[in-house]
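Structure assessment
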Amino acid sequence: MMWRILLLNLTMWLAALNALAQTSERTVVIDSRQRAALGVSLTAVRIAQAQALQASASVSVPAGKEVAVTAPYPGQMARLLVGIGDAVKAGAPLGEFTSPGAGDARRLRQEATIDARLAQTTLEREQALFDEGLIPQARVQAARAKVDISQAAVRARDAELIASGMQFEGLEQAKTRYATGVLRAPLTGVVLEMFTPVGQRVEAGTVLFRLADAGQLQLDIQLAPEKAALLKVGDAVSILKRQATAKVTGISQAVDVNQLARVRALVQTRGTLQLGELLTVQIHPGLRSSALSTAAGWQVPTRCLSQWQGKPVLFVATAEGFAVQPVEIVGSNDDISVVTGPLTEASKVAFSGVASLRALLQTER
């Protein structure tokens, strides 16, 4: 096994030296201000693992970090107070909702409160009469039972209004506003979607808003069961196109209707990931084991590659600017390429603005 690894490394270096012999080393000298003006950004190269698995994934948030705000009663949105993409804090108003059901619930709560107050007054009177010896104790017990029943009714009405998610404080108590309440955000996050325009009537349970706390992202990965069997919790996931990394945190023991296994991975380096997008990821089984730590090449975004003197090159960042580094392409698709060359894990290459760097290189000829 060891001699194969040594032979592989020797082959990589010979290929790199051959490329260097055929292409003169050049450097594009620019400072940080010129780099910013050209729109040049950097990305790190990554070790290409021989056993990396490709799979489809969607970007979501962990359980409990996404909520739907639904209509508590049949009614309509009276006013919208937020827009898609707005950041909100827990308890922030989302919109005003009008419903006859809300007005009826408030009326029943008020009636329950009045009944509880009358029951308490009756108990106090009956207790005074009993203390004077004018009535039997049974009447006091009956009055106390009515107090307990009426207080339970108040708590039930309060629970209904709390469960509705609506708040009525601060609104005018006029007849036209009595059935209107404010829907508030149940968590701190971002408004992802709004489903109902002002004035449209909806049934109870209709989704009105969808919110998510996007501070922590996760990947929902789908892949064939035989590939999932190779994975373990803790395996590394890379999304080179988005300059992001993740770690496997859960592997399903069942398949879905499409006969695909599901894997969950927690994002560690966010890069340019966007919530809800679909993309291709690479999973590295046993990435931390020494048997898989030997590079079969370097992974770079395909857009980083350019051509110079008929050879593929990368623009590697240096203190003076960018060195033109010839490489050999081992494999490539629209998003990711695997190359060999004298790179290191500390190497950073131009990710955007590659065409501008190549134009500067041509002017120096």
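All of the points below concern the structure found in this document. In this text the structure is predicted, and so the values were computed from the model without any measurement.

1. Some points on the sheet that holds strand 12 (residues 201-202)
One open sheet accounts for five strands, arranged 9-10-8-6-12; its pairing is antiparallel. Lying at the two open borders of the sheet, with one neighbouring strand each, are strand 9 (166-167) and strand 12. Pairing between strand 8 (residues 93-98) and strand 10 (residues 180-184): five bridges, direction antiparallel. Bridging across to strand 10, Pro93 finds its partner in Arg184.

2. Let's talk about the packing of helix 3 (residues 100-131) against helix 4 (residues 137-164)
Where helix 3 contacts helix 4, the two axes come as close as 8 Å, and the packing angle between them is 160°. Viewed along their axes, helix 3 and helix 4 adopt a mutual orientation that is roughly antiparallel. As helix 3 runs across helix 4, the sense of the crossing is left-handed. Tallied by class, residues from the contact of helix 3 with helix 4 come to 13 nonpolar, seven polar and ten charged.

3. Some thoughts on the environment of Ala236
Along the chain, Ala236 falls in strand 15 (residues 236-239). Assessed through its relative accessible area of 16%, Ala236 is described here as buried. For the pair Ala236 and Ala52, spaced 184 residues apart in sequence, the C-alpha separation works out to 9.7 Å.

4. Here's the deal with unusual backbone geometry
Despite not being glycine, Gln243 shows a phi value in the positive range, around 50°. As for its position among the elements, Gln243 is in the loop between strand 15 and strand 16 (244-255). We classify Gln243 as partly exposed; its relative accessible area is 21%. One non-glycine residue with positive phi stands out, namely Gln309, at about 55°. Take Gln309: it is sitting in the loop between strand 20 (306-308) and strand 21 (311-317). According to the relative accessible area criterion, Gln309 is partly exposed, its value standing at 42%.

5. Focus: the nonpolar core
If you look at the biggest cluster of nonpolar residues, it comprises 26 residues, and the most contacted ones within it are Leu219, Ile221, Leu223, Val237, Leu273, Val281 and Ile283. Setting aside residues up to four positions removed in sequence, Leu223 forms contacts with Ala55, Ala228, Leu231, Leu260, Ala261, Val263 and Ile283.

6. Some details on helix 4
Across its 28 residues, helix 4 extends 41 Å between first and last C-alpha, which sits within 8% of the 40 Å expected from 1.5 Å per residue. For helix 4, the set of buried residues is Val140, Ala143, Val147, Ser150, Val154, Leu161 and Ser164.

Cut-offs applied
- Residues numbered from 1 in each chain as written.
- Predicted model: local features only at pLDDT ≥ 70, side-chain atom pairs only at ≥ 80, totals over all residues.
- Heavy atoms only, no water.
- Pairing = 2+ DSSP bridges.
- Helix = DSSP H or I, 4+ residues; strand = E, 2+ residues; numbered from the N terminus.
- Axes fitted to C-alpha atoms, helices over the stretch in contact; angles between N-to-C directions.
- Parallel < 35°, antiparallel > 145°, perpendicular 65-115°, else oblique.
- Left-handed = near helix turned anticlockwise from the far one by under 90°.
- Nonpolar A, V, L, I, M, F, W, Y, C, P; charged D, E, K, R; others polar.
- Buried < 20%, exposed > 50% of the residue type's maximum accessible area, 1.4 Å probe, protein only.
- Core = buried A, V, L, I, M, F, W, Y, C linked by side-chain atoms within 4.5 Å.
- Contact = heavy atoms within 4.5 Å.
- Expected span 1.5 Å × (residues − 1).

Keep in mind these numbers describe shape, not what the thing actually does.
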